[in-house]
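Working through the structure, step by step
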Amino acid sequence: MKLARFRVNGGPVRLGRVDGDRVVDLAGVAGIGTSLREILPDLAALRPAIDAADGASHALADVVLEAPVDAPQKYLGIGMNYAEHAQEAAAAGIPIPTSQLWFNKQVSCIVGPHDDIVRPRVSEQLDYEIELGVVIGRLAKNVSREDARSYIAGYLVANDVSVRDWLQQRSPTFTLGKSFDTHGPIGPWLTTDDEIADPLDLRMTLTVNGEVRQDWRTDDMIYDIYDQIAYLSQVFTLLPGDILATGTPAGIAAPTRNWLKPGDVVRAEIEGLGALENRVIPEP
């Protein structure tokens, strides 16, 4: 099942079920409003009604897709979690971490799958990072690795847009360089866990103006998504709607300094999950 938040002709946000190239409005389904985050704990119970919904249907080309998860409490990213990318970073003088390296992306950075990415005035070092986004479906505290998958509501595509000179130089925790406004495109919808046979074997591809920059599979993670949930849930409770950006593969712009610039179109696609496509614009 694929669930999206969308608008029609500039109207209010709606929640819908994506069927091929159309989205079915779920407004008439009992217990469902416009918040995907709020229904995640009850998704299994609501599933029959969602599957049977026959409300108004719209072509995806005629709607505006919003970020699928509304108002998550946490948006966390893990650094240097793909083996080849870690070597890429090490070659640039960044030490490879000896444990999971987590940082916050402030939730105010989140935008929809086709919204613009703003290059800020304060830096030209604008970089891209395609990542598999994991969305938590229920309260998770002290979760074992073996049980971790049962806490996953589903997956989405994330672009962990980064301002490189605002990372180590200005913010050793990475938070500032990862949290500029518009630097968190996610979507295009939430694909529920049951639709993905193995989230650790998905192809992920990122292009800039049609040129392939990143092309890898999720099996290159150093700490896989189940390790990540077990590790984090030792510290704090993960809540429904929390998003984990699980690492990016090799091919980022930093080694070549081929930074994103206004006018560039960035497309990030993950097998089975859909694609983001965002244009870079200068800061107004």
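All of the points below concern the structure found in this document.

Rules and cut-offs
- Residues numbered from 1 in each chain as written.
- Predicted model: local features only at pLDDT ≥ 70, side-chain atom pairs only at ≥ 80, totals over all residues.
- Heavy atoms only, no water.
- Core = buried A, V, L, I, M, F, W, Y, C linked by side-chain atoms within 4.5 Å.
- Buried < 20%, exposed > 50% of the residue type's maximum accessible area, 1.4 Å probe, protein only.
- Helix = DSSP H or I, 4+ residues; strand = E, 2+ residues; numbered from the N terminus.
- Contact = heavy atoms within 4.5 Å.
- Pairing = 2+ DSSP bridges.

Turning our eyes to something else, we now look at the nonpolar core. In terms of nonpolar packing, the biggest core is built from 44 residues, with Leu 132, Tyr 155, Ile 225, Ile 229, Leu 244, Ile 270 and Leu 273 touching the most fellow members. Residue assignment for this core shows that the elements contributing at least two residues are strand 6 (75–78), strand 11 (130–136), strand 12 (152–159), strand 15 (203–208), helix 5 (225–232), strand 18 (265–270) and strand 19 (274–282). Once residues within four sequence positions are removed from consideration, Tyr 155 is found in contact with Leu 132, Gly 133, Val 134, Arg 149, Trp 189, Leu 190, Thr 191, Asp 193, Ile 196, Pro 199, Ile 225 and Leu 273. Core analysis: the next-biggest nonpolar cluster, separate from the first, contains 26 residues, Leu 40, Tyr 75, Ala 158 and Ile 186 among them.

This paragraph deals with the side chain of His 58. Position of His 58 relative to the elements: it lies in strand 4 (residues 57–59). Judged by relative accessible area, which is 19%, His 58 ranks as buried. When near neighbours in sequence (up to four residues on either side) are disregarded, His 58 contacts Phe 6, Val 8, Asp 21, Arg 22, Val 23 and Val 63.

The next point concerns the pairing of strand 3 (residues 22–25). Sheet faces and side chains relate simply in a regular strand, where the side chains alternate between the two faces. Pairing geometry for strand 2 (residues 14–19) and strand 3, over four bridges, is antiparallel. Counted as the bridge partner of Asp 19 is Arg 22 from strand 3. Between the antiparallel neighbours strand 2 and strand 3 lie two residues, among them Gly 20 with a positive phi of about 60 degrees. Both strand 3 and strand 4 contribute to a ladder of three bridges, which runs antiparallel. By the bridge assignment, Arg 22 is partnered in strand 4 with Ala 59.

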